[in-house]
Amino acid sequence: MDEEADAEHEALVADVFSAACASRTVLEHVTGRWGTLALVALNDGVFRFNALRRRVQGVSEKMLAQTLQALERDGFVHREARPTIPPHVEYSLTPAGQEVARRLLGLIEILEASVPGVVEAQIRYDAAKAAGA
């Protein structure tokens with residue numbers, strides 16, 4: 001980058017609450033269902049595309065490809081393609097991706113531990129709504 005671009009880059013201030021902030025798009029990539037699951041799955045190591053697709057059950061080939069491209073563009077996923085026949089492509093996390101995945105994993109652990117209470121709350125809510133209808 002030239003000096004002007006460096007100065008402009010340093011002047012960026014992220015504010016996820018601002019509609020125009022680039023961090024909002026990145027937040028969507030990371031916290032969308034497939035982005036979160038792909039990042040946390042890659043936290044377990046290096047995956048080829050189809051192995052990652054099997055790990056993240058329910059994701060279509062198209063959605064996983066789009067998700068991985070977005071996360072690669074954002075600097076969270078590294079894609080390594082070896083020029084073999086057939087092509088050998090592996091996906092892994094960058095250091096930034098490892099940090100994000102670690103934090104998402106903490107959230108997932110909290111959510112998984114909360115499932116019994118969530119189910120109870122949903123049952124109570126649905127019963128109250130049905131009684132009030």
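For the structure, check the block above.
Every chain's residues receive numbers from 1 upward, in the order its sequence appears when written. The model is predicted, so local features are restricted to residues of pLDDT at least 70 and side-chain atom pairs to those at 80 or more, both for listing and for counting; the totals for chains, interfaces and linings are taken over all residues. Computation of side-chain values covers all heavy atoms of the structure but excludes hydrogens and water.

Draft legend 1. Structural view of the overall build of the protein chain. Helix and strand assignments follow DSSP, with helices taken as H or I runs no shorter than four residues and strands as E runs no shorter than two, numbered in order from the N terminus. Along the protein chain, the regular secondary structure elements total six helices and three strands. Listed by position from the N terminus, the elements making up the protein chain come as α-α-α-β-α-α-β-β-α. Principal axes of the C-alpha set define a box for the protein chain whose edges measure 65 × 45 × 25 Å. Of all 133 residues assigned to the protein chain, the portion counted as buried reaches 25%. Contacts are residue-level and defined by heavy atoms, with any inter-residue pair within 4.5 Å sufficient. At a minimum sequence separation of 6, the contacts of the protein chain that also span at least 24 residues come to 45%. Where accessible areas are quoted, they stem from the Shrake-Rupley method and a 1.4 Å probe; at the residue level, only the protein chains shown are allowed to cover. Carbon together with sulfur atoms contributes 56% to the accessible area of the protein chain, which is approximately 9600 Å² in total. Asp and Glu are treated as the negative residues and Lys and Arg as the positive ones, with His and the ends of the chain left uncounted. A single reference atom marks each charge: NZ on Lys, CZ on Arg, CG on Asp, CD on Glu. Of the charged side chains in the protein chain, 14 are positive and 19 negative, and the gap between their average positions amounts to 12 Å. Partly exposed describes any residue whose relative accessible area lies between the buried limit of under 20% and the exposed limit of over 50%, with all areas from a 1.4 Å probe on protein chains only and scaled to the type maximum.

Draft legend 2. Representation of a nonpolar patch on the surface. Where nonpolar side chains cluster on the molecular surface, the patch consists of Val16, Phe17 and Leu27 and spans about 310 Å² of accessible area. Its location among the elements puts valine 16 in the loop between α1 (3-11) and α2 (22-31). Only residues whose relative accessible area exceeds 30% and that form no salt bridge enter a patch; like-charged residues are grouped when within 9 Å of one another, and nonpolar side chains (Val, Leu, Ile, Met, Phe, Trp, Tyr) when within 5 Å. By convention in these notes, a salt bridge is any Lys or Arg side-chain nitrogen within 4 Å of a carboxyl oxygen on Asp or Glu.

Draft legend 3. Examining the pairing of strand β2 (residues 77-82) more closely. Taken together, the six bridges between β2 and strand β3 (residues 88-93) define a ladder with antiparallel strand orientation. Bridged to alanine 81 within β3 is valine 89. Hairpin geometry of β2 and β3 is characterised by an intervening segment of five residues between the two adjacent antiparallel strands. Should DSSP find at least two bridges between two strands, the strands are taken to pair.

Draft legend 4. Just the layout of surface pockets, in detail. Buriedness for pockets is judged along seven lines, at least five of which must meet protein on both sides within 12 Å for an open set on the 1 Å grid over protein atoms alone, while cavities are sets there where a 1.4 Å probe fits but cannot get out, and lining residues have an atom within 4 Å of a point. Grid points are joined across faces, edges and corners, and a volume is the space filled by probe spheres set on the points. Quantified by volume, the largest pocket comes out at close to 240 Å³. Lining the largest pocket we find Leu37, Val40, Ala41, Asn43, Asp44, Arg55, Val56, Gln57, Leu105, Ile108 and Glu112. Of all the elements in the fold, those that place two or more residues in the lining of the largest pocket are α3 (33-42) and α6 (95-132). For the lining of the largest pocket, the residue count by class is six nonpolar, two polar and three charged. For this classification, Asp, Glu, Lys and Arg are treated as charged, while Ala, Val, Leu, Ile, Met, Phe, Trp, Tyr, Cys and Pro are nonpolar and the rest, including Gly, are polar.

Draft legend 5. Quick look at the nonpolar core. Ranked by internal contacts, the top residues of the largest apolar core, which has 24 residues, are Leu39, Leu42, Leu52, Leu68 and Val77. Within the residue set of this core, elements represented by two or more residues are α3, α4 (49-55), α5 (61-73), β3 and α6. Looking at which element gives the most residues to this core, the answer is α3, with six residues. Not counting the four nearest positions on each side in its chain, valine 77 is found in contact with Leu39, Leu42, Leu68, Leu71, Glu72, Tyr91, Ser92, Leu93 and Thr94. Buried residues of nine kinds, namely Ala, Val, Leu, Ile, Met, Phe, Trp, Tyr and Cys, make up a nonpolar core once their side-chain atoms join them within 4.5 Å.

Read these as spatial facts, not as claims about activity.
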